[in-house]
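Residue-level structural notes
One-letter residues, chain by chain:
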Amino acid sequence: METVPFLLLICLLIGQYVCDRDAQLVQCRAADREALLDFKMGLNDTYLLSSWQGTDCCGWSGIYCDNATGAVIALDISDPSGRHPLGGEIRPSLAELKSLKYLDLSLNNLHGRLPAFLGNMTSLMHLDLSQNYFIGEIPDSLGQLKNLTLLSLCYNLLEGLIPASIGNLHHLSHLDLSSNKLNGTIPDSLGMLSELISLDVYMNELKGVISETHFLRLSKLENLWLSKNSLIFNVRSNWVPPFQIYEIDLGSCYLGPSFPAWLRSQQHITDLDISNCNISGTIPNWFWDMSGELASLNVSFNHLEGHLPNLLNVSRATVDFSHNNFQGPIPLADLSFLELSNNQFSGPIPSNIGQVMPYIMFLYLFGNQLTGEIPGSIGETIIVALDLSRNNLTGSIPSSMGNCSDLLALDLQDNNLSGGIPRSMGQLHQLQTLHLGKNRLSGEIPSSLKCLTSLETLDLSNNKLTGKIPPWIGKALSFLKILNLRSNNFYGELPSGLSDLASLQFLDIAENQLNGSFPSAFGNLKAMTHLQNITQQRCLRRVFGRGCYNEYQENIFATIHGHELRYTKTVSLLAGIDLSGNNLSGEFPKDITKLVGLEVLNLSRNYISGQIPENISEMRQLLSLDLSSNSLSGPIPQGMSSMTFLESLNLSNNNLSGRIPYKSQMTTFRASSFAGNSGLCGEPLALKCPGNDSNNKDGHDDSDSGRKDEADDDNGFIGKLFYLSIGMGFAVGLVLPFLIFAIKRSWGGVYFALVDVIAYRLSSRKMKTVFIKI
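Each chain carries its own residue numbering, running from 1 in the direction its sequence is written. For this predicted model, a pLDDT threshold of at least 70 governs which residues receive local features, and a threshold of 80 or more governs which side-chain atom pairs are given and counted, while totals over whole chains, interfaces and linings are taken from all residues. Heavy atoms from the whole structure form the basis of all side-chain values; hydrogens and water molecules are not counted.

The next point concerns the state of the cysteines. Two cysteine sulfurs form a disulfide in these notes if their separation is within 2.5 Å. For the structure shown, the criterion picks out three disulfides. Residue pairing for cysteine 28: its cysteine sulfur links by disulfide to cysteine 57, the two sulfurs lying 2.3 Å apart. Looking along the S-S bond of the cysteine 28-cysteine 57 disulfide, the torsion reads about 140°, which is the right-handed sense. Placement of cysteine 28 in the loop between α1 (6–13) and α2 (30–41) and of cysteine 57 in the loop between α2 and β1 (63–65) is noted, with a sequence separation of 29 residues between them. Here cysteine 28 and cysteine 57 have matching classes, each one buried. Here cysteine 58 pairs with cysteine 65 through a disulfide, and the sulfurs are 2.1 Å apart. Runs of E in the DSSP output that reach at least two residues are strands. Runs of H or I that reach at least four are helices, and both are numbered from the N terminus. We call a residue buried when its accessible area falls under 20% of the maximum for its residue type, exposed when it is over 50%, and partly exposed in between, using a 1.4 Å probe and counting protein chains only.

Structure follows, in structure tokens:
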């Protein structure tokens, strides 16, 4: 439904009344004023209700009265700005407003259960309690509101069943129960709402069968949103719905296995979402005859196959055919959004794509079998995000790509592109993410890229690039968060200026030919000196504009534990440094221990010498540490046994010596983590350290093998005392909870909550090492 100014909407709903405040003839009823003041007592707001003073409530903010009787007929204290949330509960006095026809309490942070007395407000025509924190079930009493035309309870925390009594609201035209936790089935009685225009139950926990009965009398239905539930459509193959729909979202409903034939009867569909509906086979030809009206089409995540028409019968629309089994050439149309990723499209990208699709903003063709070159006509579009990754494209990157002045994201990784990086790409001043990895690009990084001052991700990994790493990266690309130059032919020293990248959270320059020492200034990488914000969401933003493009999902590949992992929504979890496989020398960089937010550190296969700093244990977030194949010497720091998150450790092939601090976390690592260090001894290695037979499992070095343990004579007594203490501790562990419950039963919850917290922390440590692989 289109947005209607509030006062005009009231006039439409209660047209028999005069809606001009200036024409007010009487003051509000005293009973209504007292009811409103009592209602105000249940709210915490001090701004929206600041005008609620004096005797004439008809002049208060959000209050509208009948100019003939003074009765309050409309109450609207919604807060679309969201600037004044202070919250509260609905008090029973609200039901004393007997003439109230319009009630809007949306966006007020109200909480508690929906009161049953709302069903007594039988004059209501419009009830909007959306975007609050209401819990519990929808009261069955709402079925008594016979005059209701709009009911919106969306974006709350409601659960339980949809009351069948809602089917009694025969004047209802708009029903919105979306974004709650409602479960059970959709009652058949909703099929009796003959005036219903819009039905929205999106994103709940509903299940069960949707039959023709649910639409029996819905001849006026224009908008239907059922997605993000577990519903099954069970209608006849020749069923003709009684409605003519405009917007229909059935994503995640089970519609298959064949393409829904009943859609053929719909002549006015503008928005159609039948994604993830278990539909197989081909799209019938009749569908393309009716597609001309479409503004949005989503059939992704099905099992559809076959060829699509070379020219789609849609215009300026948003189209998503991704994650199916479509074959053949790329179809074209004058679209603003085209998603064809993860199919089996083949052949070249049409050379005239820029002329046919000049207004395309989002073009995603990744994960197909496309060949040939990238058309130069791409430069004639207003493209915002272009993803051609994971294909078989060849040739060079067209210089015309620099003409795409609106481009925010460019992903060409995992193809067979060759040649150099065009200097013209320095013209993409708004570019925020650039992926050119896994190609055959050569030459040096052009200095023109220093103009990409908005860049947050730069991935040039797995190419044949050469030269020195430009020192200007540290100052010019100040917003850079991810820098991946892995597996190229870069040489020279690491520029100390990289430490100026205050936002950098992942640095991978492994498998190159770098030399020199590790810059001590790297300890100043600010974003790595604290924990990463897991809730942070990355999005594309225009440099000179507001808002966020959520249509783009970035893919970042990182090599961790020797495995390549793909990050999408969890990009913010990446926090690591990988400089392995170079020729770096000098002593171990002690300042790196300042980077306490690091989760991955790999300096293996270099020529780093010196000792592992004792305070390395301050890097408590480390999940993976690889210092293998260097020239490190001295002991393994005792504190490393306290690094409880550490799940992967490799110190092999160095010159380390002394006893391995084999306790706590260190006991989880095998001998291979310490192999190739001739001076190391103790578990888990087979070589025992000099000293007593117990091998000093506590991790303390006792190298004086000739010294006699003066407490040998007392070993028997100590052993008995040890086992006695275990027995007593076991008994106390069993009895203590029961004693607690006997004293006060409610303390039992606290006891088990503590146990839950401990168990959760232990298990989450293990779970975190999965890196939330997507």
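On to the nonpolar core, then. In terms of nonpolar packing, the biggest core is built from 183 residues, with Leu75, Leu94, Leu105, Leu250, Phe287, Phe321 and Phe674 touching the most fellow members. With four residues, the top contributor of residues to this core is helix α3 (residues 285–290). What makes two residues a contact is simply this: any of their non-hydrogen atoms within 4.5 Å. Those residues in contact with leucine 250, other than ones at most four positions away along the chain, are Leu224, Leu226, Ser227, Phe233, Leu255, Trp262, Asp273, Ile274, Ser275 and Cys277. Buried Ala, Val, Leu, Ile, Met, Phe, Trp, Tyr and Cys residues that are joined via side-chain atoms within 4.5 Å together make up what is termed a nonpolar core. Grouped together as the second largest cluster of nonpolar side chains are ten residues, Ile482, Ala558, Leu565 and Val571 included.

The strands that make up a sheet are held in pairs by hydrogen bonds between backbone atoms, and each pair lies either parallel or antiparallel. Two strands pair if DSSP finds at least two bridges between them. The strand order across the open sheet formed by six strands is β4-β6-β8-β10-β12-β14, and the pairing between neighbours is parallel. Edge strands, defined here as strands with exactly one partner in the open sheet, are β4 (111–113) and β14 (230–233). Taking the axes of each pair of neighbouring strands and ignoring which way they run, one obtains an average angle of 20° across the sheet. Axis definition: a line fitted to C-alpha atoms, over the contacting stretch in the case of helices. Angles run 0 to 180 degrees between N-to-C directions.

This part takes up the environment of glycine 420. The residue glycine 420 is located in the loop between β30 (418–419) and β31 (433–435) in this model. For glycine 420, a relative accessible area of 38% gives the class partly exposed. Taking the C-alpha atoms as reference, glycine 420 lies 8.3 Å from leucine 465; in sequence the two are 45 residues apart.

With respect to topology, six strands assemble into an open sheet ordered β30-β32-β34-β36-β38-β42, the strand pairing being parallel. Lying at the two open borders of the sheet, with one neighbouring strand each, are β30 and β42 (583–585). For strand β32 (residues 440–443) and strand β34 (residues 464–468), the ladder comprises two bridges, and the chain directions are parallel. Bridged to glycine 443 within β34 is leucine 465.

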